[in-house]
Amino acid sequence: MRGAAAGQSEAAYVLRKLPQVTVLFWVLKTVAVTLGETAGDLLGITFKLGYLTTAFVFLAYFLIVVVAQVAARRFHPALYWAVVLGTSMVGTEISDFLNRGFGHGSAPDGLGYAWGAVILTTVLALVFLAWWRTGQTYDVENISSRTGEILYWTAILVSNTLGTSSGDWLSDDTGLGFRGAFLAIAGIMLLIVAAHYLTAVSGTVLFWLAFILTRPLGAAGGDALAKPAVQGGLGWGTAGSSTALCMMLLLLVGLQTWQVRRCPLDPLPAPVDRRTGRPQTPNGAPANPATMQHRG
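(A) A look at the layout of surface pockets. Here the largest pocket is characterised by a volume of approximately 620 Å³. In this structure, the largest pocket is lined by 25 residues; those nearest its centre are Val 21, Trp 26, Val 193, His 196 and Ala 210. Listing elements by their share of the lining of the largest pocket, those giving two or more residues are helix H2 (23-46), helix H7 (177-198) and helix H8 (203-226). Per element, the largest residue contribution to the lining of the largest pocket is 8 residues, and it comes from H8.

The following block contains the structure:
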């Protein structure tokens with residue numbers, strides 16, 4: 001009986017696949033999407049591969065890492081942020097192709113930034129509708145089913161693509177420029193932080209708003225690093241900016257890996273349908289919560 005009880009206890013909990021949302025999470029996310037912007041420009045514009053070719057290169061990378069992430073049995077910081085980087089790089093190319101058309105410059109045969117943002121907002125709304133209908137939890141820190149994780153990554157891909165279109169619209173169509181767009185988005189982010197601590201607005205809504213906005217924030221930051229000094233940038237170029245951001249991302253991922261090893265993440269209860277309470281198939285390794293206590 002003791003063995004059966006222990007088996008039931010372990011089956012009732014699974015290891016986390018996704019990180020908790022902390023300050024380090026947002027720093028890593030901003031660096032990753034900024035690198036996605038500069039890397040996309042490096043291949044698509046500097047190397048003149050064009051949006052379509054660059055998109056296929058990044059799509060192949062994204063598919064490899066996202067399949068590995070979904071198949072993993074626990075949270076691996078390097079793998080997780082490799083997927084986030086992939087969504088940013090693919091999202092940059094999808095957005096540019098949608099808004100500008102083929103080519104490696106500001107081609108005139110795309111839909112334009114405003115219509116691109118409208119279409120992507122609609123797609124994101126459809127993803128969230130599908131998410132709701134599946135009965136998966138909306139709590140991004142407590143997703144523990146395969147369907148929930150696939151929906152999570154789909155929403156992240158669309159969010160980063162939408163963030164690219166929104167940032168391009170804000171900096172180009174409104175005349176703010178990348179510096180003005182950066183300040184405007186930073187101001188909105190501060191309002192989101194204030195809403196989180198001072199209001200009863202849904203944390204899920206605030207999370208996805210912030211997730212979308214960190215993409216244009218990163219794009220504006222990438223432009224500030226890569227653009228020449230005469231345009232208000234630091235003049236590092238796409239290659240120099242991408243190298244510096246890659247090194248920063250690796251250091252931050254190393255820090256998070258050290259934190260997780262020092263203080264393992266608490267396991268999650270086995271997933272259940274949000275509406276009916278019926279059990280769902282977990283997507284992490286079984287865990288006994290008694291063995292997952294944090295070590296000081």
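(B) A look at a nonpolar patch on the surface. Nonpolar side chains collect at one region of the surface, where Leu 52, Phe 56, Leu 59, Leu 63 and Phe 97 lie side by side and expose about 430 Å² of accessible area between them. If one sorts the elements of the nonpolar patch by residue count, helix H3 (residues 51-71) sits on top with 4 residues. Within the secondary structure, Leu 63 is located in helix H3. Assessed through its relative accessible area of 44%, Leu 63 is described here as partly exposed.

(C) Spotlight on the packing of H2 against helix H9 (residues 237-262). Close contact between H2 and H9 brings their axes to 9 Å; oriented N to C, the two are set at 150 degrees. If you check the angle between H2 and H9, you find them roughly antiparallel. Two packed elements cross with a definite hand, and for H2 against H9 that hand is left-handed. In terms of residue class, the contact of H2 with H9 is built from 16 nonpolar, 8 polar and 1 charged.

(D) Examining the packing of aromatic side chains more closely. On inspection of all chains with the given rule, the structure shows 17 aromatic pairs. Taking 5.2 Å as the distance between ring centres and 80 degrees as the angle between the ring planes, the aromatic pair formed by Tyr 152 and Trp 153 counts as edge-to-face. The positively charged end of Lys 29 is found above the aromatic ring belonging to Phe 211, 4.1 Å away from the centroid. Over the ring of Trp 132 we find Arg 275, and its NZ or CZ is 5.2 Å from the ring centre.

(E) Expanded view of helix H5 (residues 113-134). Compared with the 32 Å implied by 1.5 Å per residue over 22 residues, the 32 Å span of H5 between its first and last C-alpha is a close match. Inspection of H5 places Tyr 113, Gly 116, Ala 117, Leu 120, Leu 124, Val 127, Phe 128 and Trp 131 among the buried residues, and these make up the whole buried set. The buried residues of H5 occupy an angular sector of 105 degrees when projected down its axis, which confines them to one face. Structural note: H5 exposes Trp 115, Leu 126 and Arg 133 on the side pointing more than 90 degrees away from its buried face. Just downstream of H5, Gly 135 is the residue with a positive phi angle, here 80 degrees.

(F) The nonpolar core, seen in detail. The biggest cluster of nonpolar side chains holds 53 residues, and the ones touching the most others in it are Tyr 80, Trp 81, Trp 131, Tyr 152, Trp 153, Trp 208 and Leu 249. Looking at this core, the elements with two or more residues in it are H2, H3, helix H4 (77-100), H5, helix H6 (146-173), H8 and H9. Residues in contact with Tyr 80, not counting those within four places in the same chain, are Leu 18, Pro 19, Phe 25, Gln 69, Phe 75, Tyr 152, Trp 153 and Ile 156. Listed in part, the 10 residues of the second largest apolar core include Leu 170, Ile 185, Ile 192 and Ala 195.

(G) The environment of Arg 74, seen in detail. If you trace the backbone, Arg 74 turns up in the loop between H3 and H4. On the accessibility criterion, Arg 74 (42% relative accessible area) is partly exposed. Here Arg 74 is in contact with Leu 15, Arg 16 and Lys 17, once residues within four sequence places are set aside.

(H) View of the pattern of salt bridges. Going through the model one piece at a time under the given rule, you end up with 2 salt bridges. With a closest N to O distance of 2.8 Å, Lys 17 and Glu 149 form a salt bridge. With Lys 17 in the loop between strand E1 (13-14) and H2 and Glu 149 in helix H6, this pair connects stretches of sequence that are 132 residues apart. Where Glu 37 meets Arg 215, a salt bridge forms, and the shortest distance between an N and an O atom there is 2.9 Å. With Glu 37 in helix H2 and Arg 215 in helix H8, the pair connects residues that are 178 residues apart, well separated along the chain. Residues Glu 37 and Arg 215 agree in their burial class; the two are buried.

Conventions adopted
- Residues numbered from 1 in each chain as written.
- Predicted model: local features only at pLDDT ≥ 70, side-chain atom pairs only at ≥ 80, totals over all residues.
- Heavy atoms only, no water.
- 1 Å grid on protein atoms, 1.4 Å probe; cavity = no way out; pocket = protein on both sides within 12 Å on 5 of 7 lines; lining within 4 Å.
- Points joined across faces, edges and corners; volume = space filled by probe spheres on them.
- Helix = DSSP H or I, 4+ residues; strand = E, 2+ residues; numbered from the N terminus.
- Patch = residues over 30% accessible without salt bridge, like charges linked within 9 Å, V, L, I, M, F, W, Y side chains within 5 Å.
- Areas by Shrake-Rupley, 256 points an atom, 1.4 Å probe, with all protein chains shown as cover.
- Salt bridge = Lys/Arg side-chain N within 4 Å of Asp/Glu carboxyl O.
- Buried < 20%, exposed > 50% of the residue type's maximum accessible area, 1.4 Å probe, protein only.
- Axes fitted to C-alpha atoms, helices over the stretch in contact; angles between N-to-C directions.
- Parallel < 35°, antiparallel > 145°, perpendicular 65-115°, else oblique.
- Left-handed = near helix turned anticlockwise from the far one by under 90°.
- Nonpolar A, V, L, I, M, F, W, Y, C, P; charged D, E, K, R; others polar.
- Phe/Tyr/Trp six-rings, centres within 6.5 Å; stacked < 30°, edge-to-face > 60°.
- Lys NZ or Arg CZ within 6 Å of the ring centre and 35° of its normal.
- Expected span 1.5 Å × (residues − 1).
- Arc of directions from axis to C-beta.
- Core = buried A, V, L, I, M, F, W, Y, C linked by side-chain atoms within 4.5 Å.
- Contact = heavy atoms within 4.5 Å.

Function-wise, these values are silent; they only describe arrangement.
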